[in-house]
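A closer look at the structure
The residues making up each chain are set out below.
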Amino acid sequence: MKHQNQAILFVCVALLSFVLLACNSDYMPKPRGYFRIDLPEKSYQAFDTSFPFIFEYPTYAIITPDAQSPDQPFWININFPQFKGSLHLSYKDVNGNLSAYMEDTHTMAYKHLSKASSIDNRLIRNDQDSVYGLIFEISGLGAASTYQFFVTDSTQHFLRGALYFNVEPNNDSLAPVISFIKEDIEHLITSLKWKSNSLLTDK
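Here goes a summary of the coordinates provided.

Quick look at the nonpolar core now. Grouped together as the largest cluster of nonpolar side chains are 33 residues, with contacts concentrated most on F55 and F149. Contributing elements (two or more residues each) for this core: β2 (53–58), β4 (76–80), β5 (85–93), β7 (131–139), β8 (147–152), β9 (157–165) and α3 (175–191). F55 has contacts with Q45, A46, F47, I63, I76, I78, L89, L188, S191 and L192, leaving out every residue within four places of it along the chain. Judged by nonpolar contacts, the second largest core, of eleven residues, contains V94, A109, I119 and A143.

Time to look at helix α2 (residues 98–110). In this model α2 runs 19 Å from its N-terminal to its C-terminal C-alpha over 13 residues, within 8% of the 18 Å that 1.5 Å per residue would give. The complete set of buried residues in α2 reads L98, Y101, T105 and A109. With its buried residues spanning 70° around the axis, α2 presents them on a single face. Looking at the buried side of α2, the elements it contacts are β5, β6 (118–126), β7, β8 and β9.

Glancing now at the layout of surface pockets. Of the voids in this model, the largest pocket is the one considered here, and its volume is about 250 Å³. Along its surface, the largest pocket is lined by 15 residues, and W75, S90, K92, M108 and R160 are the ones closest to its centre. Of all the secondary-structure elements, those providing two or more residues to the lining of the largest pocket are β5, α2 and β9. Of the residues belonging to the lining of the largest pocket, the class tally is seven nonpolar, three polar and five charged.

Cut-offs used in this document
Residues numbered from 1 in each chain as written. Predicted model: local features only at pLDDT ≥ 70, side-chain atom pairs only at ≥ 80, totals over all residues. Heavy atoms only, no water. Core = buried A, V, L, I, M, F, W, Y, C linked by side-chain atoms within 4.5 Å. Buried < 20%, exposed > 50% of the residue type's maximum accessible area, 1.4 Å probe, protein only. Helix = DSSP H or I, 4+ residues; strand = E, 2+ residues; numbered from the N terminus. Contact = heavy atoms within 4.5 Å. Expected span 1.5 Å × (residues − 1). Arc of directions from axis to C-beta. 1 Å grid on protein atoms, 1.4 Å probe; cavity = no way out; pocket = protein on both sides within 12 Å on 5 of 7 lines; lining within 4 Å. Points joined across faces, edges and corners; volume = space filled by probe spheres on them. Nonpolar A, V, L, I, M, F, W, Y, C, P; charged D, E, K, R; others polar.

Next comes the structure, spelled out in structure tokens:
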């Protein structure tokens, strides 16, 4: 009986010591985990219609007219249903108003500044196809749009793009998807070509 009581006492002391040591040790929180996202294989197809521009977009995306702007025939959305994201594209003719379009684009990108930790600008220059513009990469957990851009030939065409997700902004969890779609947008930009007025008349 004496040995049994000593064993019980030893176990109690050992457990108490373990609890005290655990309380005094530094707490290391586990990193937040997110669901695994399966990303499709990269594959592209041509968008070549009666629109004043041509580009390549992913085969896993769907293009639809911009329902909120029915009076703008060349405004479209490139939807990524798997990721609940959309790239909104808005096209305008240039007629002495290029500086106003560029200023509007700058304003719309920087309206996210309150939720952004930084906004990085990157130039677009493709002399061969006369595609010039600027990319706005917007960092920040709560930024509603993380990637915007505009491109123009400076004389006839102006195209603006903005990426949005139909979910509550949490760009930590969306980071793999954002990075994946950024590659698709940059492929769109590098494959973009303008159509001349004569080509549009022939269509």
